[in-house]
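In case you want the letters, here they are:
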Amino acid sequence: MTSTTEQLIGEYFATGTLAGLPSGHFIDGKFRPAASGQTLETFDPGTAKAFARFAAGDAEDVEAAVASSDRAFRECWRKVAPAERGRILQRTAEAIRANAERLAVVETLDNGKSLAEAQGDIRSAARLFEYYAGAADKLQGETLPLGMDYVSYTSLEPVGVTAHIIPWNYPTSTMVRGIAPALAAGCTVVVKPAEQTPLTALMLAEILRDAGLPDGVCNVLTGTGVAVGAPLVAHEKVRHVTFTGSVNTGRTVMQAAARNVASVTLELGGKSPMVMLADCDMDAALEDVLWAIYSNSGQICSAGSRLVIERSIHATFIERLAALAGKLSHGHGLRNPQIGAITSLDQLSKIAGYVDDAKVRGVRVAAGGSATVDQASGSGWFFQPTILDGVGPQDRVVQEEIFGPVLSVQVADSPEEALALANGTEFGLAAGIYTRDIKKALRLARDIDAGQIYINEYYAGGVETPFGGNKMSGFGREKGLEGLRAYCRVKSVTARI
Ligand code: ADP
């Protein structure tokens, strides 16, 4: 019998862990320990205490997983009828919904986010499987007009074994937005979750198997980026790498894939502007800005981490925003606060370093500004929702991704200056535009160099909306039908008749 959320929360607070958590790699349909026998600990960011152990893989485990995925690709998955692939993915969506309570509690424990946010991530994982289940039997080619003497057509073929390197901020949904289209297209997958958040990837692999996915089609390897990620992305049998993470690691991954001429999708950092024009709907925009920067404690690559605001509304807007930010509740994710924890101590130190440095340089802190703890237990890794006001265009808190609940505010004297500030970083992931004037909105949408533009609602869109970056934010698109492209190769077949 599956436990309810309340039972799981009770069990966790009584014992400091949960019974039955996965602990090995998932290879060939089974859990198994690391070849070396080594393990690592995963921490609950809400208490700063370890609560589970997992396999610390190395190159030997990578070899076993890739061999399994290669065999499963050649002998099995590419031969399974697309409609049957779709049925398995649809059953997976249903099984995720049936297991949603446990998945969300485990995600909260591993990542530190609030339970409501984790539940949203699990719902979106189910929705992604459902969406791509429907696409599996619609990957059609074309016929090509070469005249009477030829028959020529294209087909979309799966690329083969694909590697998926997952970050720690959205472990479940980032994994699924890569593997669901890969599996729909007929590829096999080897997943490497982040070492901070390995558990839900293992649970999902088991759910996929139980939904009928043949052994070896989805393998999951846990361990560090250096010991597992690096040999995985450099493996000659891996034909595509989907990577979400930092710019520096993305470069390393691309170099490794280049040796095998394997393709890559890179979803890297962002410093996304929210352009607030004087004629915006201020009440609605304030709520939106809060959500854009403080949800998931700001640990979102597309977070609205810069507010670019017209001078005439700047003072009022920041005063009201600071009041709202100061009222947000924080605490252990399982107590369902508005703001959860920071996922690791390293990340907390990085955020604090940026804010302390800004203070030293005289930047005005309009809200927050310090690390804090869960009030109930006096422990955990938390950072106050923070606003750094009136920051210059070259300041490092404008130019560099902090990946925390820290909003940098830039003031503009015209929509033209706002556009220049919006485009004034090396990133190009997302941008928000707030105005009641549709012409101004659409001109800014045209001129801002970013993969996603949100007008009057940040994060608007869904599974159907392609997602990815320009400039240093990466390339390739995930989600939507675009998300299938990376996993298909076009083959043309031409016959003289
Ligand atoms: P962060 O520094 O915030 O942890 P990374 O971009 O380094 O972000 O990590 C994202 C993912 O990339 C994690 O799963 C991590 O283990 C993995 N990773 C780190 N280094 C490498 C590497 N050299 N090759 C492949 N994957 C890596």
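Cut-offs and rules
Residues take numbers from 1 onward in each chain, read along the sequence in its written order. Only residues with pLDDT of at least 70 are given local features in this predicted model, and only at 80 or more are side-chain atom pairs given and counted; all residues enter the totals for whole chains, interfaces and linings. By convention in this description, side-chain values take in all heavy atoms of the structure and omit both hydrogens and water. We call a residue near a molecule or strand whenever a single non-hydrogen atom of that residue lies within 4 Å of it. Between N or O atoms, a polar contact is any pair within 3.5 Å; within protein, one atom must be a potential hydrogen donor and the other a potential acceptor, and residues adjacent in sequence are included only when both atoms are from side chains. Residue exposure ignores everything except the shown protein chains as possible cover, and the areas themselves are Shrake-Rupley values with a 1.4 Å probe. In DSSP terms, a helix is any run of H or I states spanning at least four residues, a strand is any run of E spanning at least two, and both are numbered starting from the N terminus. Three labels apply to residues, based on accessible area from a 1.4 Å probe with only protein chains included: buried if under 20% of the type maximum, exposed if over 50%, partly exposed otherwise in between. Any two residues whose heavy atoms approach within 4.5 Å are treated as being in contact. The residues that make up patches have over 30% relative accessible area and no salt bridge, and they are joined within 9 Å when like-charged or within 5 Å when they are Val, Leu, Ile, Met, Phe, Trp or Tyr. In the sections that follow, a salt bridge refers to a side-chain nitrogen of Lys or Arg positioned within 4 Å of a carboxyl oxygen of Asp or Glu. UniProt positions are given in the numbering used here, feature names are shortened, and annotations may be inferred rather than shown by experiment.

(A) Here's a closer look at the site of the ligand. Among the 17 residues in the neighbourhood of the ligand, the closest are listed as I166, K192, E195, S246 and T249. The separation between an oxygen atom of the ligand and a polar main-chain atom of I166 is 2.8 Å. Measuring from a nitrogen atom of the ligand, one finds a backbone N or O atom of A230 at 3.4 Å. Burial of the ligand by the surrounding chains reaches 78%, relative to a free accessible area of 550 Å². Of all the secondary-structure elements, those providing two or more residues to the shell around the ligand are helix 8 (225–233), strand 9 (238–244) and helix 9 (247–259).

(B) Up close: the side chain of T108. Along the chain, T108 turns up in helix 4 (residues 100–111). Accessibility expressed as a relative area gives 1% for T108, which makes it buried. Ignoring sequence-local partners within four residues, the contact set of T108 consists of K113, S114, L115, A118, G333 and L334.

(C) Up close: a nonpolar patch on the surface. Taken together, the side chains of V151, Y153 and I497 make up a nonpolar region of the molecular surface, amounting to roughly 300 Å² of accessible area. By secondary structure assignment, the location of I497 is in the segment after strand 23 (488–496). Look at I497 and you get exposed, because its relative accessible area is 63%.

(D) Spatial organisation of the UniProt feature "domain: Aldehyde dehydrogenase" (unreviewed entry) in the protein. Taking the numbering used here, the UniProt-annotated feature "domain: Aldehyde dehydrogenase" (unreviewed entry) corresponds to residues 34–493. Helix and strand shares over residues 34–493 are 41% and 22% respectively, and the end C-alpha atoms of the span are 44 Å apart.

(E) Inspection of the side chain of H240 at higher detail. Within the element layout of this structure, H240 appears in strand 9. Looking at H240, its side chain comes within polar contact range of the side chain of S263, at 2.6 Å. Those residues in contact with H240 that lie beyond four places of it in its chain are V159, V161, T162, A163, A262, S263, V264, T265, A486 and Y487.

(F) Structural context of the UniProt feature "active site" (unreviewed entry) in the protein. The UniProt feature table records "active site" (unreviewed entry) at E267. Mapped onto the elements of the fold, E267 is located in strand 10 (residues 263–267). Given a relative accessible area of 2%, E267 falls into the buried group. Beyond its immediate chain neighbours, meaning those up to four positions away, E267 contacts R177, F243, T244, G245, C301, L429, F467, S473 and E478. Among the polar contacts made by the side chain of E267, one reaches the side chain of R177 at a distance of 2.7 Å.

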